[in-house]
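# Working through the structure, step by step
Here is what each chain is made of, one letter per residue.
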Amino acid sequence: TTCGPASLAVCLRALGDAEATEERVLATGDAAGAVEEAAVLRTGVTLAQAAALAQASGLVVHGHTHADSFVRVQDAADAFRAELALEGRAVCLNYHMGVLGQSPNLRGHLSPLGGLHESTASALVLDVWLEETEPVWAPLEALVASMQEVDDASGKPRGWLVLGMADQ
């Protein structure tokens, strides 16, 4: 349930905040009123809550995309490629683990996007839940389908955040 804060801490570290931790992200978000720490520990966060938590942690949210049924695989690949090519950007994915094929009994999850492999049409999902899963090269088609799955808590499709540091 702390995959959101853990993923944001990974993104913060990748963007230059070497001191970022899951605990600090969660405490900062709670203090700023972006999320309630107890609720995050109980149920996790939605994509919108992850965006608010990112902003409270000092990140700029450059994009907040719900992967509705109109998002095509090629559109997502093009968006990911464009963002990953920019200096000072990170992408955080919100997807359904069962639909992706990581774990049939699990649902929503957040993880940073590590890269794309063009020739296999795959994305590197840098899973932060290392006790149960590990980073995985996921077919883009399965990844987009897993992001199109509706989040029960928000009633909206999952998707992705494009993040950067405020001073970049």
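Notes on the structure in this doc start here.

Rules used in this analysis
- Residues numbered from 1 in each chain as written.
- Predicted model: local features only at pLDDT ≥ 70, side-chain atom pairs only at ≥ 80, totals over all residues.
- Heavy atoms only, no water.
- Pairing = 2+ DSSP bridges.
- Helix = DSSP H or I, 4+ residues; strand = E, 2+ residues; numbered from the N terminus.
- Axes fitted to C-alpha atoms, helices over the stretch in contact; angles between N-to-C directions.
- Contact = heavy atoms within 4.5 Å.
- Disulfide = S-S within 2.5 Å.
- Buried < 20%, exposed > 50% of the residue type's maximum accessible area, 1.4 Å probe, protein only.

## Some thoughts on the sheet that holds strand S4 (residues 122-125)
Taking strand neighbours across the sheet as the criterion, the six strands line up as S1-S6-S2-S3-S4-S5 in an open arrangement whose pairing is antiparallel. The open sheet has two edge strands, strand S1 (59-66) and strand S5 (136-139), and neither has a second partner. Each strand axis lies, on average, 35° off the axis of its neighbour in the sheet, ignoring direction. The pairing of strand S2 (residues 90-96) with strand S3 (residues 108-117) spans five bridges and is antiparallel.

## A short note on the side chain of Glu 83
Locating Glu 83 in the fold gives a position in helix H5 (residues 73-85). Setting aside its immediate chain neighbours within four residues, Glu 83 contacts Arg 89, Val 91 and Val 162.

## Some thoughts on the state of the cysteines
Scanning the entire structure with this criterion turns up zero disulfides. As a non-bridged cysteine, Cys 3 has Cys 92 as the owner of its nearest cysteine sulfur, 8.3 Å distant. A residue is classified by how much of its surface remains accessible, and Cys 3, at 13% relative accessible area, is buried. Not part of a disulfide, Cys 92 finds its nearest cysteine sulfur in Cys 11, a span of 4.9 Å.

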